[in-house]
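# Summary of structural features
Listed here are the chains, written in short residue letters.
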Amino acid sequence: MDVDTRLLRYFVAVAEEGTLTRAAERLFVSQPALTKQIKQLETRLGVRLFTRSRTGMALTEPGRTLAERVPSLLADWDEVLRETKSTAGRAARLLRVGFLASAANEATPRIIAEFTRRRPGWRVDMRQAAWSDPSAGLADGDVDVALLRLPFPGQDALRTATLFTEPRWVALPEGHPLAARAVVPFRELWEEPFVAAPPETGWWRDHWLASDERDGHPVRIGAVTDQPDEWLSAIANGYGIALAPASAAHFYARPGITYRPVSGVSPSRVGIAWAVADDANPVVQDFVRCCLDRPWPEGITT
């Protein structure tokens, strides 16, 4: 019998959290979707794993047996998968670097140039991840190292280092009343409709809506997009506004859109992440050092 490891990870989250609500929050999925996955796992195994109660989800006897074995099984599988892919990369003298959005901004080409200087004959394969994968492929072993936004779900199991922080600005339609302001207080944006990433992107969506910095004020969603071009079009067409890193004013400049600094909202952090096992990997550590030794441009802080 074949069982998707994703179903097992969902099972572990529910078993550890004790409720579907907390497990869904931890996994950054909707509760109905999580319920469906647990039922699917029970159907495949032919056993009941949980019983519902007023206090949450209680493990059955078969569920307890599974819960005792699955975490180590998943950890072993993740390690085997990571080592297999890493070995293939070393054989090809290829370093796989995952990234989200614009990675390390304009410093990315210089980081790669410095790495190839230190490691002649090696190539860097930059792999852009979807917004729904905040580890940029690192958690699944698809890349050796990742340039991404911190914090992100699951980072406690990885090594991370902050490269720099940059303010979050707001992207507005050119004719928006606030587009003429030098600085826009975040509180004045609370009633505005926002262009958001899809709900399944979880942490990424919440971060760029600043959901936890609104004093409980609900977010208004004007449009949902999952691609940068669609995101820009929705803003330019007046469907909503959006928070973005300050660097977006350069990397995503577009007629019809104005970027303005925002006060009263925390900055965004860009970091580098790698697997704990790669503390002893000289190739990965060379790339990490190339990032950490990089002098960052004026206007962003390390």
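Residues numbered from 1 in each chain as written. Predicted model: local features only at pLDDT ≥ 70, side-chain atom pairs only at ≥ 80, totals over all residues. Heavy atoms only, no water.

## Overview of helix H1 (residues 5–17)
In this model, H1 (13 residues) spans 18 Å end to end at C-alpha, consistent with the 18 Å of a helix rising 1.5 Å per residue. Just downstream of H1 lies Gly-18, where phi reads positive at about 85°. (Helix = DSSP H or I, 4+ residues; strand = E, 2+ residues; numbered from the N terminus. Expected span 1.5 Å × (residues − 1).)

## Observations concerning the pattern of salt bridges
If you walk through the whole model with that rule in mind, you get 15 salt bridges. Taking the shortest distance from any N to any O, the salt bridge between Arg-22 and Glu-17 comes out at 3.8 Å. Arg-168 is paired through a salt bridge with Glu-213; the nearest N and O atoms lie 2.7 Å apart. One end of the pair, Arg-168, is in strand E7 (residues 168–173); the other, Glu-213, is in the loop between helix H6 (203–209) and strand E10 (220–224), and 45 residues separate them in sequence. Owing to a relative accessible area of 22%, Glu-213 belongs among the partly exposed residues under this scheme. (Salt bridge = Lys/Arg side-chain N within 4 Å of Asp/Glu carboxyl O. Buried < 20%, exposed > 50% of the residue type's maximum accessible area, 1.4 Å probe, protein only.)

## A word on the state of the cysteines
Overall, the coordinates contain 0 disulfides when judged by the stated rule. Summary of cysteine pairing: Cys-291 is not part of a disulfide, and the nearest cysteine sulfur, belonging to Cys-290, is at 6.9 Å. Looking at Cys-291, the relative accessible area reads 0%, which means it is buried. (Disulfide = S-S within 2.5 Å.)

## Examining the sheet that holds strand E3 (residues 94–99)
Overall, mixed pairing links the 5 strands, which are arranged E4-E3-E5-E13-E6 in an open sheet. Edge strands, defined here as strands with exactly one partner in the open sheet, are strand E4 (123–128) and strand E6 (158–166). Pairwise comparison of adjacent strand axes, ignoring direction, gives a mean angle of 25° for this sheet. In the sheet, E6 pairs with strand E13 (residues 268–275) via 8 bridges, with the strands oriented antiparallel. Bridging from a neighbouring strand, Glu-166 pairs with Ser-268 of E13. (Pairing = 2+ DSSP bridges. Axes fitted to C-alpha atoms, helices over the stretch in contact; angles between N-to-C directions.)

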